[in-house]
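Topology and contacts: notes
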Amino acid sequence: MQPGFRYGFDPAPSYVIIRAMDQHVYWMRMALAEAEKAAALGDVPIGAIAVRDECIIGRGHNRKEHDRDPTAHAEIFALREAAQALGGWRLLGVTLYCTLEPCAMCAGAMVQARLPCLVYAAPDPKAGAGGSVMDLLQHEQLNHRVEVISGVLADEAAAQIRDFFAGLRAQGKK
C-alpha cells in the first residue's frame, strides 16, 4: 500500500471542505453580530461583512428604518466599505457574508462590483434574488456571475429575524 493511501480513500479533499465550512461559520457569526446592531436600532436584523485575505474589509447592518433610506441595506454598506478599503469598485478576491439572501438591489450591486463569492445564511422566499424568487447572481445575460453558498447558520439567522418580528408583534407594532 502507498503511503497516505488507505482503501482507495484520500482524506485531503474532505479536510479542505470541512476547513472551508469552518471558516464560513466563523465569518457568518460576525455577520450575525452585525445583524444584532440592526435590531438594537429597531431595524430588521440583517448583517453583512466583506472578507478578503482573512480580514474584514467591510461591514454593515440594516438601517432602513433608522436612516429612513430604502437603500440602507447591510450588503450595500459592506460593499461600500470594501470598495473604499480596496481603493476601487471591483471587489476581486472578496467574499461577502450575509445573514439573509440578498434582494434584487443588493444582488445587482454584487454583480456590478464583480463580487466573486457570496455566502448567505437564510433564504428570503418573498424577495430573494439569489435563487429563491429570482436569481440575478447567476443570470446568464449579465456580464458577471457570483458564486453562491447558502444555508450557513440558516437556522440561527432565521431565528434572529423571527424573534425580532415576534417582539414587534408583542409590542403591538407592525
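Residues numbered from 1 in each chain as written. Predicted model: local features only at pLDDT ≥ 70, side-chain atom pairs only at ≥ 80, totals over all residues. Heavy atoms only, no water.

**What about the confidence of the model for the chain?**
Confidence in the prediction of the chain, expressed as mean pLDDT, is 90, and 88% of residues score 70 or more. Predicted confidence for residues 1-10 stays below pLDDT 50, and this span has three contacts to residues more than four positions away or in other chains. (pLDDT = per-residue confidence, 0-100. Contact = heavy atoms within 4.5 Å.)

**With respect to the packing of helix α3 (residues 74-86) against helix α4 (residues 104-112)**
How two helices pack is summed up by the angle between their axes together with the distance between the axes. Two elements in contact, α3 and α4, have axes whose closest approach is 9 Å; the angle formed by their N-to-C orientations is 20°. In terms of axis orientation, α3 runs roughly parallel to α4. For the pair α3 and α4, the sense of crossing is left-handed. Taking contact as the criterion, the partners of Glu75, Ile76 and Leu79 in α3 are, on α4, Met105, Cys106, Ala109 and Met110. (Axes fitted to C-alpha atoms, helices over the stretch in contact; angles between N-to-C directions. Helix = DSSP H or I, 4+ residues; strand = E, 2+ residues; numbered from the N terminus. Parallel < 35°, antiparallel > 145°, perpendicular 65-115°, else oblique. Left-handed = near helix turned anticlockwise from the far one by under 90°.)

**Things to note about the nonpolar core**
One finds Met28, Leu91, Leu96, Tyr97, Met110, Leu115 and Leu118 to be the most contacted residues of the largest nonpolar core, which totals 42 residues. Secondary-structure elements contributing two or more residues to this core are α1 (12-40), β1 (47-52), α3, β3 (95-100), α4, β4 (117-122) and α5 (154-170). Excluding anything up to four places from it in sequence, Leu115 contacts Leu91, Val94, Leu96, Met110, His144, Arg145 and Val146. (Core = buried A, V, L, I, M, F, W, Y, C linked by side-chain atoms within 4.5 Å. Buried < 20%, exposed > 50% of the residue type's maximum accessible area, 1.4 Å probe, protein only.)

**Brief notes about the sheet that holds β4**
With mixed pairing, five strands are arranged side by side in an open sheet as β2-β1-β3-β4-β5. If you trace the sheet from one side to the other, it starts and ends with β2 (55-61) and β5 (147-150), each paired once. Averaged over all pairs of adjacent strands, the angle between their axes in this sheet comes to 20°, without regard to strand direction. The pairing of β1 with β2 spans six bridges and is classified as antiparallel. Within the sheet, the bridge partner assigned to Val51 lies in β2 and is Ile56. Against the sheet, α3 makes contact with β1, β2 and β3, and its axis sits at roughly 145° relative to β2, the strand it touches most. (Pairing = 2+ DSSP bridges.)

**Brief notes about the packing of aromatic side chains**
Following the criterion strictly, the structure yields two aromatic pairs and no others. Here the aromatic rings of Tyr26 and Trp27 are separated by 4.8 Å at their centres, their planes lie at 75°, and the arrangement is edge-to-face. Among the residues examined, Tyr26 registers a relative accessible area of 45% and is labelled partly exposed. Judged by its relative accessible area of 9%, Trp27 is buried. An angle of 75° between the planes, with centres 5.3 Å apart, marks the rings of Phe164 and Phe165 as edge-to-face. The partly exposed category is assigned to Phe165, whose relative accessible area is 31%. (Phe/Tyr/Trp six-rings, centres within 6.5 Å; stacked < 30°, edge-to-face > 60°.)

**Re α5**
In a regular helix each residue adds 1.5 Å, so 17 residues correspond to 24 Å; α5 covers 24 Å between its end C-alpha atoms and thus fits that length. Within the span of α5, buried status applies to Ala154, Ala157, Gln160, Ile161, Phe164 and Leu168. Down the axis of α5, the smallest arc covering the buried residues is 140°, so these residues share one side. Within α5, the exposed residues directed more than 90 degrees away from the buried face are Asp155, Arg162, Asp163, Arg169 and Ala170. Count one or two residues on from α5 and you reach Gly172, which has phi positive near 85°. (Expected span 1.5 Å × (residues − 1). Arc of directions from axis to C-beta.)

**Structural notes on the layout of surface pockets**
Here the largest pocket defines a volume of roughly 670 Å³. Val44, Ile46, Leu100, Asp124 and Phe165 are the residues nearest the centre of the largest pocket, which is lined by 29 residues in total. Elements that contribute at least two residues to the lining of the largest pocket include exactly α2 (64-67), α3 and α5. The element best represented in the lining of the largest pocket is α5, accounting for six residues. When grouped by side-chain class, the residues that make up the lining of the largest pocket number 16 nonpolar, three polar and 10 charged. Put simply, the second largest pocket is a space of about 150 Å³. Contributing to the lining of the second largest pocket are Gln23, His24, Trp27, Val51, Arg52, Asp53, Glu54, Gly93, Thr95 and Tyr97. (1 Å grid on protein atoms, 1.4 Å probe; cavity = no way out; pocket = protein on both sides within 12 Å on 5 of 7 lines; lining within 4 Å. Points joined across faces, edges and corners; volume = space filled by probe spheres on them. Nonpolar A, V, L, I, M, F, W, Y, C, P; charged D, E, K, R; others polar.)

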